[in-house]
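Chain by chain, the residues run as shown.
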Amino acid sequence: MVTAMRVLDRKLFRDMKRLWAQSLAVALVMAAGVATMLIGLGAYNSLSETRSVYYDRAQFADVFAFAVRAPKSVSAEIRQLNGVAQVETRIVKAALLDIKGFELPATGYFISLPASGENTLNKLHLRSGRLPSPGSLQEVAISESFAQAHGFQIGSKIYAVLNGAKRRLTVAAIVLSPEFIYALGPGDMMPDDRRFGIMWMREPALAGAFDLEGAFNSVALRLLKNAIVEDVVQSLDDILERYGGEGAYGREDQLSHAFLDAELQQLNAMSRILPPVFLVVTAFLINMVLARLISLEREQVGLLKAIGYLPTEIAVHYAKLVLLISCMGVGIGFAAGTWLSHGLTVLYTKFFHFPYQIFIASPRLYVVAALVSLAAAFVGSMRAVAGAAALSPAIAMQPPAPPTYKRFWSGRMQPLKYLSQLTIMVLRHIVRWPLRSLLTTFGISLAIALLVSSLFSVGAINYMIDVTFDRTDRQDATFAFGEARPAQALQEVARLPGVLTAEPYYAVVAKLSHGHHAKRVAIMGKPQAVDLSRVLDLELKPVELPKSGLVLSEALASKLQVGRGDTIHAEFLGRNRVETDIPVVGIIQSYVGLMAFMDINALSRLLGESPKVSGVHMLLDPAQSTAFFAEVRVQPALSALSLQRVSLAKFQETIAENINIQILVYCGLATIIAFGVVYNSARIQFAERARELASLRVLGFTEYEVSRLLLLEFALLTLAAVPIGWMAGYGLAFALVQGFQSDLYRLPFIMLRSTYAYSALIVMVAVALSALVVRRRVSNLDLVSVLKTRD
Amino acid sequence: MTEAVFSGRGLTKTYRSGEVEVHALRGADIDLFEGEIAVLLGPSGSGKSTLLNILGGLDRATSGTVRFRDHDLMNASERELTQYRREHVGFVFQFYNLIPSLTARENVALVTEISSNPMDPEKALALVGLGHRLDHFPSQLSGGEQQRVAIARAIAKRPDVLLCDEPTGALDSKIGVLVLEALDHVNQTLGTTTAIITHNAAIQSMAHRVFNFGDGRIISTHVNAKRQNPSEISW
């Protein structure tokens, strides 16, 4: 028995050698499934695991809050709150930086370290150097990405305008912080490490600079395990209210954390959608290839049985073939998945700053991926293998009965009489094997769907950019003042060199609630007539803000479950807690953040204040930009400057880079599916119909005519697949858009016609190429030998 | 019998089968005349099929010359051979080689669609006695019926020559005779030059001329003074 099995195994390897191209096509589809699983789940696991380990070790806070100025003694009061484990008060201020050799002003985010020693929450991870020495007024620890962007090293000097006074700072340490894994500058859409840096200084230094001796303006809390975040936030707001508290918030609203969450959510959506697609196609291909192989080997199966092989031995023999193909697929998938995951990790390190290697190649994930793929392969092979095992030897040794065809329509209706016989052959063949035709169509349509769901994002992102930067926020730059200032501040800015137009805004943090839905947002007060930073309605027409009432973005309205005409409750934090009901007078479009707008004067009236501004949007004269930037660097009141055009360029550059990679990957995956499906079914068709095709050649049909027969069938199946693929792609894209949606941004669901066209075109080219590979075999048909033998 | 439709001289064919070199033809001379039925008789491996394939443009001789009227088949390109088969030759095979996805009528129409002067598929099928089974698929026809569809398909384009390789090889005597009658009827009605390969000596009596094959050569040729009607043949 042992030797006999060895002979069968030898047959197995020879089969494999003969079928290498088909096996490879199947294995590649399987590999794509394994790889996407490794990438999606692998990156998800790595990212979330790394984040949680890092958070834990660095004692990342659970709740954050800002106030204008609170005495340090309040800290003890906070510590008494139910559920609070640790409290750390600090000073956090933004300031403009002046960097030699860099024309644009950068924004620095200054955070205090305790007067001596380490901070207890949000601990810094030292990359190099040492923390600023206690008592030092110039030493600063800076964020690694900012240091790298400018080539700063220990000892480098940085100039900063702290509360109007220019200071020379010395880099003492290069660090990472769990608060800034994703470091997004104020007003920016994409991290720009050149223009945004985080700086840690000893508390006395910052307290002195910002007149906050014996006080703090920011607090971070770490909670006990069973604490309820909302309750702590509420109690903290109650305490800080007297000190200009701007509303506490939990981790989920912490910017860096929220971006990481959004990324994890995307990975999760991805890994739920992609691998199943590939595994389904794998199962189908295995079924198709194996069924064909076994039908070709009927006589051999019959013979094996006649000489005494058991059905299980036959089944095991073919199962081994599936196993071999699967091993190939899993092997390629492992290699590709590992390589691509590593690539993704490198991509992540550009955006997410972790102190450790974030790629965890968990052996368990590999085992799971392999097992799931094997399971798909075996499900696919079951029917064919069982069929082989069940073949009775006497029947198996005879050729199979000729396939039975049916007329399309019973009766005498003859719509076919206008078609050539070759075309009728094609149509009948499709109908004769409806399941195979259907599955082939289905496979091709999945390839198209995959492309639609990926390519659509190009149009959607361009649309988002157009709406956000060309129609909504059309300013070149925005100043943010450290604290809200009287309305006259607008004139000071308008007088700066190069400022063509200046438009004020007033941002006030409020907790908006409706029923049990609540959200902490910044209400933006704007003048009625604005031309730079505009508000657009759902049809993207500019809206003039009404004299009273709130205008909400669609995303915020749906979060709060309100519509036009509803009234929502607003609680203005840090403003003596003004509470009032405001009617929602309009719903507008915005793809970035959760937006609430109001007339700037109405906002001030509501708060019982004289008119104020928190910042100014500007249109700049490019010819005077050098003078403008030089002037800005010495302006005392400015804490942050965002440059929308620079930000847009950065955004587009980053997006373009990522999108190109993404498109390349998806085109590759779609091509693998299309090739796997079409090449295999074409090969099988060709083998099944070799005799028929040879007969046609003998009858005098040319190679071209005979190949057309083969290609026409795939052309028809592909044509049928196109609308199905479009619909499936539409659904897939919709699911992805829903899956990607977060408070931070939403992707508009915009489907361009060109997306459909390109998706179909790419797959058609892949189909044509795969079919042409098989078409070459028509030229090599051996007419004589085919006709001499029976099927 | 007037002029030679085919004329072959010194035809040899050598091919490799696995590791072995096979001499299928070792120098055959043959002429086939307009309107005659020729039976090529011999055991398997005697070279008769190889010769028929060469005459039909399915295969090329290793050496020698072979002409169909003014066509030089030895030096014709693949494209020219396809064109030659398309215009001049009708084939009938032992295993019918019908297209399973086409009905009897459509199998015949397959050929008439690409010919310049075809007969109606219905007429061709009537000629072989299958006027009543036009819309049946191959799987619904008996072996003899399938072979007669194949003959109808072969003659529907009014070929100059009809080449039949063991047309009754898969059929029993009674059914086989029906097929031979169909061939004889076509020959008489259309005057198509017909070559029939067989190892069944009984069939030779319906031929005008008989070629005996052995070991890659034509051993002998004889003319039947009195042809038998196929209905009188049995085996």
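Calculation rules
- Residues numbered from 1 in each chain as written.
- Chains lettered and ligands numbered in written order.
- Predicted model: local features only at pLDDT ≥ 70, side-chain atom pairs only at ≥ 80, totals over all residues.
- Heavy atoms only, no water.
- Helix = DSSP H or I, 4+ residues; strand = E, 2+ residues; numbered from the N terminus.
- Buried < 20%, exposed > 50% of the residue type's maximum accessible area, 1.4 Å probe, protein only.
- Contact = heavy atoms within 4.5 Å.
- Areas by Shrake-Rupley, 256 points an atom, 1.4 Å probe, with all protein chains shown as cover.
- Lys, Arg positive; Asp, Glu negative; His and termini not counted.
- Charge placed at Lys NZ, Arg CZ, Asp CG, Glu CD.
- Rg over C-alpha atoms; globule rule 2.2 N^0.38 Å.
- Phe/Tyr/Trp six-rings, centres within 6.5 Å; stacked < 30°, edge-to-face > 60°.
- Pairing = 2+ DSSP bridges.
- Axes fitted to C-alpha atoms, helices over the stretch in contact; angles between N-to-C directions.
- Salt bridge = Lys/Arg side-chain N within 4 Å of Asp/Glu carboxyl O.
- Buried area = accessible area lost by both parts, 1.4 Å probe.
- Polar contact = N/O pair within 3.5 Å; in protein donor to acceptor, adjacent residues only side chain to side chain.
- Nonpolar A, V, L, I, M, F, W, Y, C, P; charged D, E, K, R; others polar.

### Quick word on the overall build of chain A
Helix and strand counts for chain A stand at 21 helices and 20 strands. Taking the principal axes of its C-alpha atoms as reference, chain A extends roughly 100 × 60 × 50 Å. When the 791 residues of chain A are sorted by exposure, 55% land in the buried category. Looking at chain A alone, contacts between residues at least 24 apart form 82% of all its contacts between residues at least 6 apart. When the accessible surface of chain A is totalled, it reaches about 32,800 Å², and 60% of it is carbon and sulfur. Charge centroids of chain A, computed over 75 positive and 62 negative side chains, lie 12 Å from each other.

### So, the overall build of chain B
Counting its secondary structure elements, chain B contains six helices and 10 strands. For 235 residues, the compact-globule estimate of 2.2 N^0.38 gives 18 Å, and the C-alpha radius of gyration of chain B, at 17 Å, lies within 12% of that figure. Dimensions of chain B along its principal axes, counting C-alpha atoms only, are 45 × 40 × 40 Å. When burial is assessed residue by residue, chain B has 58% of its 235 residues classed as buried. Long-range pairs, those at least 24 residues apart, make up 69% of the contacts in chain B with a sequence separation of at least 6. Averaging the coordinates of the 23 positive side-chain charges in chain B and doing the same for the 27 negative ones gives two points 1 Å apart.

### Description of the packing of aromatic side chains
Residues and elements named next belong to chain A. Within the structure shown, the criterion is met by 25 aromatic pairs over all chains. Measuring from ring centre to ring centre gives 4.2 Å for Tyr182 and Phe259, while their planes differ by 20°; the resulting arrangement is stacked. Within this pair, whereas Tyr182 is found in the loop between strand S8 (165–176) and strand S9 (196–202), its partner Phe259 is found in helix H7 (residues 255–296), the two being separated by 77 residues in sequence. Taking the relative accessible area as the measure of exposure, Phe259 reaches 10% and is therefore buried. Residues Phe734 and Phe749 carry aromatic rings whose centres are separated by 5.2 Å and whose planes lie at 75° to one another, so their mutual orientation is edge-to-face. With a gap of 15 residues between them, Phe734 in helix H19 (residues 703–740) and Phe749 in the loop between H19 and helix H20 (753–779) connect regions that are remote in the sequence. Under the relative-accessibility criterion, Phe734 is labelled partly exposed at 41%.

### Overview of the side chain of A:Ser143
All names here are of chain A. Relative to the helices and strands, Ser143 is located in strand S6 (residues 139–143). Accessibility expressed as a relative area gives 5% for Ser143, which makes it buried. Discounting chain neighbours no more than four positions away, the residues touching Ser143 are Val175, Gly197, Ile198 and Trp200.

### Some thoughts on the pairing of strand S15 (residues 550–553) of chain A
Residue and element names in this part refer to chain A. Residues of S15 alternate between two faces, with Leu550 and Leu552 on one and Val551 and Ser553 on the opposite face, all of them buried. Note that S15 and strand S17 (residues 578–588) share four bridges and pair parallel. Bridging from a neighbouring strand, Val551 pairs with Gly586 of S17.

### Quick word on the sheet that holds strand S6 (residues 89–92) of chain B
All names here are of chain B. Ordered by their spatial adjacency, six strands build an open sheet running S6-S7-S8-S3-S9-S10, and the pairing between neighbours is mixed. Looking at the sheet topology across the chains shown, the edges are occupied by S6 and strand S10 (217–223). Within this sheet the neighbouring strands show an average axis-to-axis angle of 20°, counted without direction. With four bridges connecting them, strand S3 (residues 37–41) and strand S9 (residues 209–214) associate as parallel partners. If you follow Leu41 over to S9, its bridge partner there is Asn212.

### Remarks on the sheet that holds strand S11 (residues 249–250) of chain A
All names here are of chain A. A sheet is described by the order of its strands in space; here four strands give the open sequence S2-S10-S1-S11, paired in antiparallel fashion. Two strands bound the open sheet, and with one partner strand each, they are strand S2 (84–90) and S11. Inspection of the sheet shows S2 paired to strand S10 (residues 215–223) by six bridges, in the antiparallel sense. Paired with Val84 across the strands is Leu223, a residue of S10. Packed onto the sheet, helix H6 (residues 229–240) meets strand S1 (63–71), S2, S10 and S11 and runs at close to 10° relative to S1.

### Focus on the pattern of salt bridges
Opposite charge on two side chains permits them to pair, given that their charged atoms come into close proximity. Residues and elements named next belong to chain A. All chains considered together, the criterion is met by 36 salt bridges over all chains. Note that Asp9 is salt-bridged to Lys320, the shortest N-O span being 2.8 Å. One end of the pair, Asp9, is in helix H1 (residues 2–18); the other, Lys320, is in helix H9 (residues 311–351), and 311 residues separate them in sequence. Among the ionic pairs, Arg222 bridges to Asp56, the shortest N-O distance being 3.5 Å. On the criterion of sequence distance, the pair formed by Arg222 in strand S10 and Asp56 in helix H2 (residues 20–58) is long-range, its members being 166 residues apart. When salt bridges that share partners are traced, they join Asp192, Arg194 and Arg195 into one network.

### Thoughts on the interface of chain B and chain A
Each side of the interface is counted separately: chain B has 30 residues, and chain A has 31 residues. Across the chain B to chain A interface the summed buried area is about 2,800 Å²; carbon plus sulfur atoms make up 58%. When the buried surface of chain B facing chain A is broken down by residue, B:Phe95, B:Asn97 and B:Ser101 rank first, second and third, together holding 18% of it. When the shortest N-O distance is used, the salt bridge between A:Arg697 and B:Glu78 registers 3.4 Å. Joining chain B to chain A, the criterion identifies nine residue pairs in polar contact (both at pLDDT 80 or more). Looking at the side of chain B that touches chain A element by element, the count peaks at five residues for helix H3 (residues 104–112) of chain B. Of the residues assigned to the side of chain B that touches chain A, the class counts are 12 nonpolar, seven polar and 11 charged.

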